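Report on the structure
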Amino acid sequence: MNHNKELKVSAIKDGTVIDHIPSHYLFNVMTILGLDHTSHQVTFGFNLESKKLGTKAIIKVAGTFFKNEDINKIALVAPEAKLNIIRDYQVVEKRVVKVPDQIIGITKCMNPKCITNHEEMTTRFVVKKKKPVELKCLYCEKITDQDHLEFV
Amino acid sequence: MLMKNRSLVSINDYSRIEIQQILDLAEEFEKDPNQPLLRQYVIASLFFEPSTRTRLSFETAINRLGGRVVGFSESGSTSVSKGETLKDTILMVSNYSDLIVMRHPLEGSAQYASEVSSVPIVNAGDGAHQHPTQTLLDLYSIRKTQGKLEGLNICIVGDLKYGRTVHSLLIAMSHFKPVFHFIAPEELKIPKEYKIFLDQKGIEYHEHRELAPNIRNADIVYMTRVQRERFSDPLEYEKVKNVYILRNQMLENTKDNMRILHPLPRVNEIHQDVDSNPKAYYFTQALNGVYTRMAILVKILGIK
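What comes next concerns the included structure. (Residues numbered from 1 in each chain as written. Chains lettered and ligands numbered in written order. Predicted model: local features only at pLDDT ≥ 70, side-chain atom pairs only at ≥ 80, totals over all residues. Heavy atoms only, no water.)

With that settled, the discussion passes to the overall build of chain B. Tallying secondary structure elements over chain B gives nine helices and nine strands in all. Rg of the C-alpha trace for chain B: 19 Å, near the compact-globule value of 19 Å for 304 residues, within the 12% margin. Summarising its shape, the C-alpha atoms of chain B cover approximately 55 × 45 × 40 Å along the three principal directions. The buried share of chain B, taken over its 304 residues, is 56%. A fraction of 72% describes how many contacts in chain B between residues 6 or more apart in sequence connect residues 24 or more apart. For chain B, the exposed area adds up to about 12,900 Å²; of that, 47% sits on carbon and sulfur atoms. Taken as two groups, the 37 positive and 36 negative side-chain charges of chain B have centres that lie 3 Å from each other. (Helix = DSSP H or I, 4+ residues; strand = E, 2+ residues; numbered from the N terminus. Rg over C-alpha atoms; globule rule 2.2 N^0.38 Å. Buried < 20%, exposed > 50% of the residue type's maximum accessible area, 1.4 Å probe, protein only. Contact = heavy atoms within 4.5 Å. Areas by Shrake-Rupley, 256 points an atom, 1.4 Å probe, with all protein chains shown as cover. Lys, Arg positive; Asp, Glu negative; His and termini not counted. Charge placed at Lys NZ, Arg CZ, Asp CG, Glu CD.)

Structure follows, in structure tokens:
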């Protein structure tokens, strides 16, 4: 990674850097990972230049290491995201995200007549297609596609 | 997995063998409809939206079996109108009863109810999603009039896009190697996902636009109503609402064993002059609902 770009968001000693997030999904990613409630230091860059995505966002979370199952939840909005695990300012591991086979919570069913949009309950989907994402609701069995993803 | 204590949410919940077991038992009940097998049981009948035929048919089934019914026929007079959640209603009622029959306007409500309930749920229709007991009574009617379920030529007419009875019938009949003829206007054609399903199962199907020439080889003609409420554009509805009207004269060259089914209520898609034709079966079909639902209740309660 180019050193100048790296400095646009301050470096962290230990923690996780999540790169290649589509800019407009930055805040969804923050919410999905619970970073809006964390006590750790979080810095982010927004509308950064990206050859791949046009503009991208980057998040750096100090002192936090995510489990695969948690990080895969962001695959719905940031399938290209890459994780760098940092220890003592060095990248010690790189990870990519994978769309899981089931999505629990996170997103709403796009069917306005689905029970999940009327009761206080957790949504459940099976992933029918990974790219672009197609989710089948386990309640009403309607498909919610990438363009209609709306987050809980 | 046993049928006993298992909720019936979707027709997909039942295998070919389980479907046949239900139909066999329904046949027994048709021969002898008054059997007090549910004397010790209280069945809840929760109709969050009105449905005359389905509710009366379930309640008749319960009464014929000597069971007792508690419940309501519309949610206006219950605590649902005070804002009670479905979860709370189901938790309460599952403490009172041995089984819950539920009709609800929201899709997926039956699955959710089955997750929170401590007693089995029988889905009596959840919005446009599923109505498995209707499908089972359709199958019972088909088997009874044709003497078998295998290898039949089945014409399905009308709203094939939105009609839930059509989709469930197609899934249930797919166990029995039918040939389907789908007759629908362009706007209401059978959705692609169901064609993929049939292709995967290796089931032959044909799509047509015209009614009369395509019912001549049919064993079953399954008519459906084009529902006004499915259209966002009233002009679109006007265009298709009178496309398929089955008239007595169209039945002249059809097969002797052919029978006409309809989930009811009908509007005008079957002309009244068909009613007296011996091939008209839709009113008997509705009666078969009682025997089929008796069988479903008894199987789920594990009595037979």
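This next bit is on the interface of chain A and chain B. Contacts between chain A and chain B engage 14 residues on the former and 14 residues on the latter. In this assembly, chain A packs against chain B so that about 1,100 Å² is buried in total across both faces, 49% of it on carbon and sulfur atoms. Our enumeration of links across chain A and chain B arrives at two salt bridges. Counting every contact that joins chain A to chain B gives nine residue pairs in polar contact (both at pLDDT 80 or more). The class makeup of the residues in the side of chain A that touches chain B is six nonpolar, two polar and six charged. (Buried area = accessible area lost by both parts, 1.4 Å probe. Salt bridge = Lys/Arg side-chain N within 4 Å of Asp/Glu carboxyl O. Polar contact = N/O pair within 3.5 Å; in protein donor to acceptor, adjacent residues only side chain to side chain. Nonpolar A, V, L, I, M, F, W, Y, C, P; charged D, E, K, R; others polar.)

With that out of the way, let us pick up the sheet that holds strand β9 (residues 143–145) of chain A. All names here are of chain A. Strand order in the open sheet made by the four strands is β6-β7-β8-β9, with antiparallel pairing throughout. Either end of the sheet is taken by a strand with one partner, and the two such strands are β6 (102–104) and β9. With strand direction ignored, the average angle separating the axes of adjacent strands in the sheet is 30 degrees. Sheet topology places β6 next to strand β7 (residues 124–130); three bridges connect them, and they run antiparallel. In the strand pairing of β7, isoleucine 103 is matched with phenylalanine 125. (Pairing = 2+ DSSP bridges. Axes fitted to C-alpha atoms, helices over the stretch in contact; angles between N-to-C directions.)

This part is about the environment of threonine 78 of chain B. All names here are of chain B. Relative to the helices and strands, threonine 78 is located in the loop between β2 (68–72) and α3 (86–96). Given the relative accessible area of 15%, threonine 78 is considered buried. A C-alpha to C-alpha distance of 43 Å links threonine 78 and phenylalanine 176, two positions 98 residues apart in sequence.

Attention shifts here to unusual backbone geometry. Residues and elements named next belong to chain A. The omega angle of the peptide bond from lysine 131 to proline 132 is -10 degrees, so this bond is cis rather than trans. Mapped onto the fold, proline 132 is located in the loop between β7 and β8 (133–137). A positive phi angle is found at glutamate 141, which is not glycine, with a value near 65 degrees. Tracing the sequence through the fold places glutamate 141 in the loop between β8 and β9. Glutamate 141 gets classed as partly exposed once you look at its relative accessible area, which sits at 29%.

Further remarks concern the packing of aromatic side chains. One pass over the full model with this rule turns up eight aromatic pairs over all chains. With a centroid separation of 5.2 Å and an interplanar angle of 85 degrees, the aromatic rings of phenylalanine 48 of chain B and phenylalanine 72 of chain B are classed as edge-to-face. Highlighted residues: phenylalanine 48 of chain B in the loop between β1 (42–47) and α2 (52–64) and phenylalanine 72 of chain B in strand β2, separated in sequence by 24 residues. When sorted by exposure, phenylalanine 48 of chain B lands in the same class as phenylalanine 72 of chain B, which is buried. Judged by centre distance (5.5 Å) and plane angle (15 degrees), the rings of phenylalanine 180 of chain B and phenylalanine 182 of chain B are stacked. The class for phenylalanine 182 of chain B is buried, based on a relative accessible area of 2%. Put simply, the rings of Phe27, Phe44 and Phe46 of chain A touch in pairs and so form one group of aromatic residues. (Phe/Tyr/Trp six-rings, centres within 6.5 Å; stacked < 30°, edge-to-face > 60°.)

Function cannot be read off these values alone, since they describe shape.
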